[in-house]
Amino acid sequence: MEYRRVKDQENYDDLSQKDVESLSGRSLSSANATASGLSSAGGSKGKSSWKLKSVVTLALTLLTSSQAILIVWSKRAGKYEYSVTTANFSVEALKCLLSLAALFRTWNRHGVTDDNRLTTSFDEVSVYPIPAVLYMVKNLLQYYIFAYVDAPAYQILKNLNIISTGVLYRIILKKKLSEIQWAAFVLLCAGCTTAQLNPSSDHVLQTPIQGWMMAIVMALLSGFAGVYTEAIIKKRPSRNINVQNFWLYIFGVIFNLVAICVQDYDAVMNKGFFHGYSFITVLMILNHALSGIAVSMVMKYADNIVKVYSTSVAMLLTAVVSVFLFSFHLSLAFFLGSTVVSVSVYLHSIGKLQPQK
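Residues numbered from 1 in each chain as written. Predicted model: local features only at pLDDT ≥ 70, side-chain atom pairs only at ≥ 80, totals over all residues. Heavy atoms only, no water.

A.B. asks: Residues and numbers for the overall build of the protein, please.
C.D. replies: Each helix and strand counted, the protein has 13 helices and 0 strands in total. For the protein, the α and β elements follow one another from N to C terminus as α-α-α-α-α-α-α-α-α-α-α-α-α. Scored against the burial criterion, the 357 residues of the protein give a buried share of 39%. Sequence separation of at least 24 residues holds for 85% of the intrachain contacts in the protein that already meet a minimum separation of 6. (Helix = DSSP H or I, 4+ residues; strand = E, 2+ residues; numbered from the N terminus. Buried < 20%, exposed > 50% of the residue type's maximum accessible area, 1.4 Å probe, protein only. Contact = heavy atoms within 4.5 Å.)

Here is the structure:
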């Protein structure tokens, strides 16, 4: 009897041990399966994010590089056959429609809230006319500057707005700049000047003084409008960005309508609003409207370094395309200058002061 009792106890212990091992094996396999699932989900999410960043980067690069090319290409015999004020008006109207479309999508998904409704107070909407009129003047100058510069030179000189924006950040928003960023400003000036050197002519610089003055004025207007707009957005950070864009573009439409009446009223009344428009003109308008959307997507889905790389690649891509389309001469000075500009833009991006912890 004692022997049987001991034997039964040994059998029971063996069964218990097997059950524990079985349960342990199931737990381990379940844990491994869960970990594998999480890993694959994380990898899928990372891959999806990488694809989105790649698409946004490519879109911004193509839009930025083709902007100046399309403006130059839209000219006939060195002149614009269409009214530049109506083109500018069309850009603002299209951006308005795109903002409304994005808002309708938000309303369908999340409903109408205090932060995404279009109705607003006079105090909130009264701040938008200032950046709207600044952007209008800057965008109109963008057409006239091509009487003095070519597309690659424009892409180089356009980077001067980094300096104006940085200085205005310091003055208006009281933001400090690092030593690396100040050094980047000096490099940027040197790169822009080097790219414009003209050793085969009596004139030291390829771009005449009128072109430089217009580029500086455009940089100041763009910088001030950008800083002012950022101050407006940060005043109420919870406000839907599409609502803020809509009111900015509405005032842009109004001011461009005034510009049409002042500058091109007779031409529009006699020849029509879309007189002189071509397929290239329509592409140019689409490009200008989508560029603003692409920059917004970069800020939301990617990061500032993407914008830096896009700007740098766009300068070289514009130069290469201009060689085939406009017989642009790609000189050593331009290549070295654009390289220095790319480095300075990169240094300005990574040289931001980190907040104190």
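A.B. asks: Outline the packing of helix H2 (residues 84–110) against helix H9 (residues 241–263), listing residues and values.
C.D. replies: Relative to each other, H2 and H9 sit at 160°, their axes nearing to 8 Å. Between H2 and H9, the interaxial angle falls into the category roughly antiparallel. You can see that H2 and H9 cross each other, and the crossing is left-handed. Grouping the amino acids of the contact of H2 with H9 by side-chain chemistry returns 15 nonpolar, 9 polar and 2 charged. (Axes fitted to C-alpha atoms, helices over the stretch in contact; angles between N-to-C directions. Parallel < 35°, antiparallel > 145°, perpendicular 65-115°, else oblique. Left-handed = near helix turned anticlockwise from the far one by under 90°. Nonpolar A, V, L, I, M, F, W, Y, C, P; charged D, E, K, R; others polar.)

A.B. asks: Summarise the pattern of salt bridges; cite the residues concerned and give the values.
C.D. replies: Scanning all chains against the criterion turns up 3 salt bridges. Between Glu92 and Lys95 there is a salt bridge, with its nearest N and O atoms 3.4 Å apart. Of this pair, Glu92 and Lys95 are both found in helix H2, 3 residues apart, which corresponds to roughly one turn of the helix. Of the two residues, Glu92 and Lys95, both sit in the buried class. (Salt bridge = Lys/Arg side-chain N within 4 Å of Asp/Glu carboxyl O.)

A.B. asks: Any chance you could break down the layout of surface pockets for me, citing the residues and the numbers?
C.D. replies: Roughly 150 Å³ of volume is contained in the second largest pocket. Lining the second largest pocket we find Asp123, Glu124, Val127, Tyr128, Ile232, Lys235, Arg236 and Gln244. Residue composition of the lining of the second largest pocket, grouped by class: 3 nonpolar, 1 polar and 4 charged. (1 Å grid on protein atoms, 1.4 Å probe; cavity = no way out; pocket = protein on both sides within 12 Å on 5 of 7 lines; lining within 4 Å. Points joined across faces, edges and corners; volume = space filled by probe spheres on them.)

A.B. asks: Please set out a nonpolar patch on the surface residue by residue, giving values where relevant.
C.D. replies: Together, Ile130, Val167, Ile171, Ile172, Trp182 and Phe224 make up a nonpolar patch on the protein surface, roughly 490 Å² of accessible area in all. It is helix H6 (residues 160–172) that contributes the most residues to the nonpolar patch, 3 residues altogether. Turning to its location among the elements, Ile171 is positioned in helix H6. (Patch = residues over 30% accessible without salt bridge, like charges linked within 9 Å, V, L, I, M, F, W, Y side chains within 5 Å. Areas by Shrake-Rupley, 256 points an atom, 1.4 Å probe, with all protein chains shown as cover.)

A.B. asks: Give a description of the confidence of the model for the protein that names residues and reports values.
C.D. replies: Within the protein, residue pLDDT values average 76, and 75% of them lie at 70 or more. The least confident element of the protein is helix H1 (residues 2–73), whose mean pLDDT is 58; the most confident is H2, at 92. Per-residue pLDDT stays below 50 along residues 15–21; that stretch engages in 0 contacts with residues further than four places along the chain or on separate chains. Below pLDDT 50 for its whole length, residues 27–31 participates in 0 contacts with residues either more than four positions away or in separate chains. (pLDDT = per-residue confidence, 0-100.)

A.B. asks: Got a sec to walk through empty space enclosed by the protein? Specific residues and values, please.
C.D. replies: Overall, the coordinates contain 1 cavity of 30 Å³ or more when judged by the stated rule. In this model, the largest cavity occupies a volume close to 80 Å³. Taken together, Lys138, Ile145, Tyr154, Leu157, Lys158, Asn161, Ala215, Met218, Ala219 and Ser222 make up the full set of residues lining the largest cavity. Those elements that place two or more of their residues in the lining of the largest cavity are helix H5 (151–157) and helix H8 (209–235). For the lining of the largest cavity, the leading source of residues is H8, giving 4 residues. Grouping the constituent residues of the lining of the largest cavity by class yields 6 nonpolar, 2 polar and 2 charged.

A.B. asks: Help me get a handle on the packing of aromatic side chains, residues and values and all.
C.D. replies: By the definition in use, this model includes 10 aromatic pairs. Relative to Tyr277, the ring of Tyr82 has its centre 5.9 Å away and its plane inclined at 70°; by these criteria the two rings are edge-to-face. On the criterion of sequence distance, the pair formed by Tyr82 in the loop between H1 and H2 and Tyr277 in the loop between helix H10 (265–271) and helix H11 (279–301) is long-range, its members being 195 residues apart. A relative accessible area of 19% places Tyr277 in the buried class. Put simply, the rings of Tyr80, Tyr82, Phe89, Tyr143, Phe273, Phe274 and Tyr277 touch in pairs and so form one group of aromatic residues. When the ring centre of Tyr80 is taken as origin, the NZ or CZ atom of Lys75, which lies over that ring, is 5.4 Å away. (Phe/Tyr/Trp six-rings, centres within 6.5 Å; stacked < 30°, edge-to-face > 60°. Lys NZ or Arg CZ within 6 Å of the ring centre and 35° of its normal.)

A.B. asks: For the packing of H2 against helix H4 (residues 129–144), give the residues involved together with the corresponding values.
C.D. replies: Two elements in contact, H2 and H4, have axes whose closest approach is 10 Å; the angle formed by their N-to-C orientations is 130°. Looking at the two axes, H2 sits oblique to H4. The way H2 lies across H4 gives a crossing that is right-handed. Contacts between H2 and H4 involve Val84, Thr85, Ala87, Asn88 and Glu92 from the former and Met136, Asn139, Leu140, Tyr143 and Tyr144 from the latter. Looking at the contact of H2 with H4 residue by residue, the classes come out as 6 nonpolar, 3 polar and 1 charged.

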